Amino acid sequence: MKSSYLALWLLLAGALVIFLTVSFADDITLGSYTVKKAPFAETLLPDTLATETGQFTSAEHPVAADTVPEIVQIDSLPKTILLFGDSMTMNIALRLARYAKQNGHDMHAINWDSSNTKIWAETDTLSYYIKKLNPDFIFISLGSNEVYFKDPFKRQPNVRRILATIGDVPYIWIGPPTWDNRTAINDMLEATCRPGTYFKSSGMEFKRKKDKIHPTREASALWVDSIMRWMPKSAHPILADYPNDSLGKVNSHIIFLKALNK
């Protein structure tokens, strides 16, 4: 009787081995016959499948090995920095210049009061200063004068033209310090800039001037501090060590352009 039970268990074990082999192995060919892989593995493990590299990916949305985010090393070379934009630019430049001096960068700023993406896109001002200064890193401060646009996405072609003018130069677009949560300007800018190049300022708390729009000089300094702390997470991080108090007076090299409404 015991030998009969043993034979039965051996038979069941053999059947299980064959079942698992057919379920998890690839198609098996024996002579002119091919045993197709059973769908049991996909049914049992629908969400994660191991790849040859050992990476687990979604069965519905497999991730290619070359799309796995890599850690971007900080570029330790000194940079010629260009900051340009609207009236928010001046106070940003005052603080950014201290970071530049601390880290060996050379910074220049173009402050164009009342300017917007349309003005910068439709004039040769940006291309002129890029040729003149030959920057290898650019900060952009634009969008504050387009906060009240009902459909900021209509300005998207202007943003694309600005980015095309910048070309391959690494950049960070500093989002406007919005004071009206109903605006979609940040959504448009973030959707247009390359990943890791847009610093979203909305949601931050700012002490503002009497116009309730422009951050104070002190608030702008804290704003820049936040941007530089975020720098290592950007697409092209550069040296951004916190400036020492011993730096003394720093020249911001700010050029002021006359207002032009468009």
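Residues numbered from 1 in each chain as written. Predicted model: local features only at pLDDT ≥ 70, side-chain atom pairs only at ≥ 80, totals over all residues. Heavy atoms only, no water.

For the rest of this paragraph, the subject is the nonpolar core. Within soluble globular proteins, side chains that are nonpolar generally end up buried alongside one another. If you look at the biggest cluster of nonpolar residues, it comprises 28 residues, and the most contacted ones within it are M107, F139, I172, M228 and M231. Of all the secondary structure elements, the ones that give two or more residues to this core are β5 (80-85), α3 (89-102), β6 (106-112), β7 (137-141), β8 (171-174) and α8 (217-230). Setting aside residues up to four positions removed in sequence, M231 forms contacts with F137, F139, I172, H236, P237, I238 and A240. F84, I140, I185 and L189 belong to the second-largest nonpolar core, a separate cluster that totals 26 residues. (Core = buried A, V, L, I, M, F, W, Y, C linked by side-chain atoms within 4.5 Å. Buried < 20%, exposed > 50% of the residue type's maximum accessible area, 1.4 Å probe, protein only. Helix = DSSP H or I, 4+ residues; strand = E, 2+ residues; numbered from the N terminus. Contact = heavy atoms within 4.5 Å.)

Further remarks concern the packing of α3 against α8. At a minimum axis distance of 8 Å, the contact between α3 and α8 shows a crossing angle of 50 degrees. One way to sum up the angle between α3 and α8 is to call them oblique. Remark: the crossing between α3 and α8 carries right-handed chirality. Across from M90, N91, I92, L94, R95, L96 and Y99 in α3, the residues of α8 making contact are R217, S220, A221, W223, V224, D225 and M228. Residue composition of the contact of α3 with α8, by class: 9 nonpolar, 2 polar and 3 charged. (Axes fitted to C-alpha atoms, helices over the stretch in contact; angles between N-to-C directions. Parallel < 35°, antiparallel > 145°, perpendicular 65-115°, else oblique. Left-handed = near helix turned anticlockwise from the far one by under 90°. Nonpolar A, V, L, I, M, F, W, Y, C, P; charged D, E, K, R; others polar.)

The next subject is the pairing of β7. Summarising burial for β7: 5 of the 5 residues are buried, a large majority. Bridge count for β5 against β7 is 5 bridges, and the pairing is parallel. Bridge pairing links I81 to F137 in β7. Pairing between β7 and β8: 3 bridges, direction parallel. Counterpart to I140 in the pairing with β8 is W173. Handedness of the β-α-β unit built from β7, helix α6 (residues 156-166) and β8 comes out right-handed. (Pairing = 2+ DSSP bridges. Right-handed = clockwise from strand over helix to strand, strands pointing away.)

A complete count under the given rule lists 5 salt bridges for this structure. For D75, the salt bridge identified is with K79, shortest N-O distance 2.5 Å. Residue D75 shares its accessibility class with K79, and that shared class is buried. In this structure, D225 and R95 form a salt bridge, with 3.0 Å as the shortest nitrogen-oxygen distance. One end of the pair, D225, is in helix α8; the other, R95, is in helix α3, with 130 residues separating them in the sequence. Comparing D225 with R95, the two get one shared label, buried. (Salt bridge = Lys/Arg side-chain N within 4 Å of Asp/Glu carboxyl O.)

Moving on to helix α5 (residues 125-133). Because each turn of an α-helix spans 3.6 residues, side chains separated by three or four positions end up pointing in the same direction. Along α5, the residues that are buried comprise T125, L126, Y129 and I130. One side of α5 holds all its buried residues, which, seen down the axis, span an arc of 130 degrees. Residues of α5 that are exposed and point more than 90 degrees away from the buried face comprise K131 and K132. Close packing links the buried residues of α5 with β5, β6, α4 (117-122), β7, α6 and β10 (254-257). Looking one or two residues beyond α5, the residue adopting positive phi is N134, at roughly 50 degrees. (Arc of directions from axis to C-beta.)

For the pair α5 and α6, interaxial distance at closest approach is 10 Å and the crossing angle is 20 degrees. Our classification of the angle between α5 and α6 gives roughly parallel. Of the two elements, α5 crosses α6, and the hand of that crossing is right-handed. Between α5, through L126, S127 and I130, and α6, the contact on the second element is made entirely by I162, T165 and I166. Here the contact of α5 with α6 is built from residues that sort into 4 nonpolar, 2 polar and no charged.

Moving on, we come to the side chain of S201. Among the structural elements, S201 can be located in the loop between β9 (198-199) and α8. Residue S201 is classed as buried on the basis of its relative accessible area, which comes to 1%. Of note is the side chain of S201, whose polar atom sits 2.7 Å from the backbone oxygen of G175. Within the structure, the side chain of S201 is placed 3.0 Å from the side chain of W223, a separation counted as a polar contact. (Polar contact = N/O pair within 3.5 Å; in protein donor to acceptor, adjacent residues only side chain to side chain.)

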